[in-house]
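Geometric and topological summary
The chain contents come next:
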Amino acid sequence: QVQLVESGGGLVQAGDSLRLSCAASGRTFSSYAMGWFRQAPGKEREFVAAINWSGGSTYHADSVKGRFTISRDNAKNTVYLQMNSLKPEDTAVYYCAANPVGVSSRGRGYDYWGQGTQVTVSS
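**What about the environment of Ser-57?**
If you trace the backbone, Ser-57 turns up in the loop between β5 (46-51) and β6 (58-60). With a relative accessible area of 28%, Ser-57 lands in the partly exposed category. Linking Ser-57 and Met-34, residues 23 residues apart in sequence, is a C-alpha distance of 11 Å. Once residues lying within four places of it in the same chain are set aside, the contact partners of Ser-57 are Ala-50, Ile-51 and Asn-52.

**What to know about the state of the cysteines**
Tallied over the entire structure, the rule returns one disulfide. The side chain of Cys-22 participates in a disulfide bridge whose partner is Cys-96; the two sulfur atoms lie 1.9 Å from each other. Disulfide Cys-22 to Cys-96: torsion about the S-S bond roughly 50°, handedness right-handed. On the criterion of sequence distance, the pair formed by Cys-22 in strand β3 (residues 18-24) and Cys-96 in strand β9 (residues 92-99) is long-range, its members being 74 residues apart. For Cys-96, a relative accessible area of 0% gives the class buried.

**A closer look at the side chain of Thr-117**
With respect to the helices, strands and loops of the structure, Thr-117 is situated in strand β11 (residues 117-122). At 3.2 Å, the side chain of Thr-117 and the backbone nitrogen of Gly-9 are in polar contact. Discounting residues that sit within four places of it in the chain, Thr-117 has contacts with Glu-6, Ser-7, Gly-8, Gly-9, Leu-20, Ala-92, Val-93 and Tyr-94.

**Observations concerning the pairing of strand β1 (residues 4-7)**
With burial as the criterion, only one face of β1 is covered, namely that bearing Leu-4 and Glu-6; the residues Val-5 and Ser-7 on the opposite face remain uncovered. Sheet topology note: the β1/β3 ladder contains four bridges and is antiparallel. Bridging across to β3, Leu-4 finds its partner in Ala-24.

Calculation notes
Residues numbered from 1 in each chain as written. Predicted model: local features only at pLDDT ≥ 70, side-chain atom pairs only at ≥ 80, totals over all residues. Heavy atoms only, no water. Helix = DSSP H or I, 4+ residues; strand = E, 2+ residues; numbered from the N terminus. Buried < 20%, exposed > 50% of the residue type's maximum accessible area, 1.4 Å probe, protein only. Contact = heavy atoms within 4.5 Å. Disulfide = S-S within 2.5 Å. Polar contact = N/O pair within 3.5 Å; in protein donor to acceptor, adjacent residues only side chain to side chain. Pairing = 2+ DSSP bridges.

Following this line, the structure appears as structure tokens:
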């Protein structure tokens, strides 16, 4: 089993940067693909980015491509989401999740989820 705890959210202005972290418990962290998802008020959860177990392959949603970067440090059991050039439409609760099978943009494939961290971007 994997427990995930996100941190790093906050209130920023448009154009600012934030780095989200997701700390995982358990010795099998490196065997999981990891993903970031977000959910804005009144909207469905959407895929943001994913990374395979080694960090060698990454995928980003078109809406964040070129602005956000997912990475991981298996020695620290942590996955990151570097968010640059933030926009008001990036405002959401951001969740990290672990997928035992592989990288996916579908939330259904992820077995473990964190509690989320709020990101608010003011204009």
